[in-house]
Amino acid sequence: FREQVEHGSWAITVGTIHQAIVARRHGIRRVLLANQLIGRQAIRGALDMLREDPGFELLALVDSLASVEMLAKAAAAAPVGRPVPVLLEIGYAGGRTGCRDADTALAVARAVKAAEPYLALRGIEGFEGLVSGRTIDEAADQVRAFLERMVAMAAATDAGGLFAPGPIILSAGGSAFYDIVVD
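A short tour of the structure in this document, coming up. (Residues numbered from 1 in each chain as written. Predicted model: local features only at pLDDT ≥ 70, side-chain atom pairs only at ≥ 80, totals over all residues. Heavy atoms only, no water.)

Turning our attention to the overall build of the protein. Across its full length, the protein carries seven helices and six strands. Order of helices (α) and strands (β) in the protein, N terminus to C terminus: α-β-α-β-α-β-α-β-α-β-α-β-α. Taking 2.2 N^0.38 as the reference for a compact globule, 183 residues should give roughly 16 Å; the C-alpha atoms of the protein span a radius of gyration of 16 Å, in line with that estimate. Taken along the three principal axes of its C-alpha coordinates, the protein extends 50 × 40 × 30 Å. Residues counted as buried form 44% of the 183 residues belonging to the protein. When contacts within the protein are restricted to residue pairs at least 6 apart in sequence, those whose partners lie at least 24 apart make up 72%. For the protein, the accessible area works out to roughly 9,500 Å², and carbon and sulfur atoms hold 55% of it. For the protein, the centre of its 18 positive side-chain charges and the centre of its 21 negative side-chain charges are spaced 9 Å apart. (Helix = DSSP H or I, 4+ residues; strand = E, 2+ residues; numbered from the N terminus. Rg over C-alpha atoms; globule rule 2.2 N^0.38 Å. Buried < 20%, exposed > 50% of the residue type's maximum accessible area, 1.4 Å probe, protein only. Contact = heavy atoms within 4.5 Å. Areas by Shrake-Rupley, 256 points an atom, 1.4 Å probe, with all protein chains shown as cover. Lys, Arg positive; Asp, Glu negative; His and termini not counted. Charge placed at Lys NZ, Arg CZ, Asp CG, Glu CD.)

Next comes the structure, spelled out in structure tokens:
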């Protein structure tokens with residue numbers, strides 16, 4: 001973790017709340033949880049970390065109305081003194097998670113906005129790591145199309161005034177196409 005931060009990492013990405021707890025205990029100040037906060041223990045762990053340490057930032061993903069409702073309800077019942085920052089996860093047909101279409105994504109973004117001051121939509125996230133084509137060029141084209149959908153969703157969400165104040169975060173990862181993601 002320390003080496004990544006020393007070499008310019010903006011945040012450390014982890015897959016579970018337990019990994020986020022370890023990162024925080026080792027001095028990491030910003031963690032992106034590349035999953036939804038599902039289950040009472042994970043939500044409680046996230047809220048506890050945010051409550052105990054006002055300088056710690058944990059960004060989790062949301063991709064359904066149910067996940068927004070569950071997280072907002074828990075944050076309202078045990079406030080942390082600031083909104084819980086979340087990223088809207090964009091998905092694709094046959095993918096692992098994420099909103100599959102623009103209407104669903106905008107509905108989830110509106111639900112986060114309605115959950116203020118307990119939640120704050122900070123950006124858009126996507127996982128293109130499972131995209132596969134018959135050839136590497138076909139897979140690269142599919143990744144480009146997916147990323148273009150993410151950017152379009154960020155623009156639509158911004159135009160709708162659904163993001164919390166501050167920089168808009170765009171995060172994509174899990175692929176062998178890092179050059180395409182960076183572009």
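Now that the structure has been shown, the text picks up again.
Attention now goes to helix α5 (residues 102–114). The end-to-end C-alpha distance of α5 is 18 Å, a good match for the 18 Å that 13 residues give at a rise of 1.5 Å each. Within the span of α5, buried status applies to A105, L106, V108, A109, A111 and V112. Of the surrounding secondary structure, the elements contacted by the buried residues of α5 are β3 (57–62), α4 (65–77), β4 (84–90), β5 (119–127) and α6 (136–159). (Expected span 1.5 Å × (residues − 1).)

A few words on the packing of aromatic side chains. A full pass over the atoms with the stated rule returns one aromatic pair. Seen from their ring centres, Y92 and F146 are 5.2 Å apart, and the 80° between their planes marks the pair as edge-to-face. With Y92 in the loop between β4 and α5 and F146 in helix α6, this residue pair connects regions lying 54 residues apart in the sequence. Side by side, Y92 and F146 carry an identical accessibility label, which is buried. Its end group placed over the ring of F56, R24 keeps NZ or CZ at 5.8 Å from the ring centre. (Phe/Tyr/Trp six-rings, centres within 6.5 Å; stacked < 30°, edge-to-face > 60°. Lys NZ or Arg CZ within 6 Å of the ring centre and 35° of its normal.)

Moving on, we come to helix α2 (residues 17–25). Regarding α2, the residues found buried are I17, A20 and A23. Seen from one end, α2 has its buried residues packed into an arc of 110°, which puts them on one side. Residues of α2 that are exposed and point more than 90 degrees away from the buried face comprise H18 and R25. Structurally, α2 contributes buried residues whose contacts are with β1 (12–14), β2 (30–36), α3 (40–52) and β3. Of the residues trailing α2, G27 is marked for its positive phi of about 90°. (Arc of directions from axis to C-beta.)

The next point concerns the nonpolar core. L37, L58, V84 and L88 are the most contacted members of the largest nonpolar core, which has 53 residues in total. Ranked by the residues each element gives to this core, the list is headed by α6, at eight residues. With near-sequence residues (within four places) excluded, L58 lies in contact with I17, A20, V31, L33, A46, M49, L50 and P85. With six residues, the next largest nonpolar core counts L32, L59, L61 and I169 among its residues. (Core = buried A, V, L, I, M, F, W, Y, C linked by side-chain atoms within 4.5 Å.)

A separate point is the sheet that holds β2. The six strands lie next to each other as β1-β2-β3-β4-β5-β6, forming an open sheet whose pairing is parallel. Because the sheet does not close on itself, it has two edges, and the strands there are β1 and β6 (169–173). Within the sheet, the average angular offset between the axes of one strand and its neighbour, ignoring direction, is 30°. Taken together, the seven bridges between β4 and β5 define a ladder with parallel strand orientation. Among the inter-strand pairings, P85 is bridged to a residue of β5, identified as A120. (Pairing = 2+ DSSP bridges. Axes fitted to C-alpha atoms, helices over the stretch in contact; angles between N-to-C directions.)

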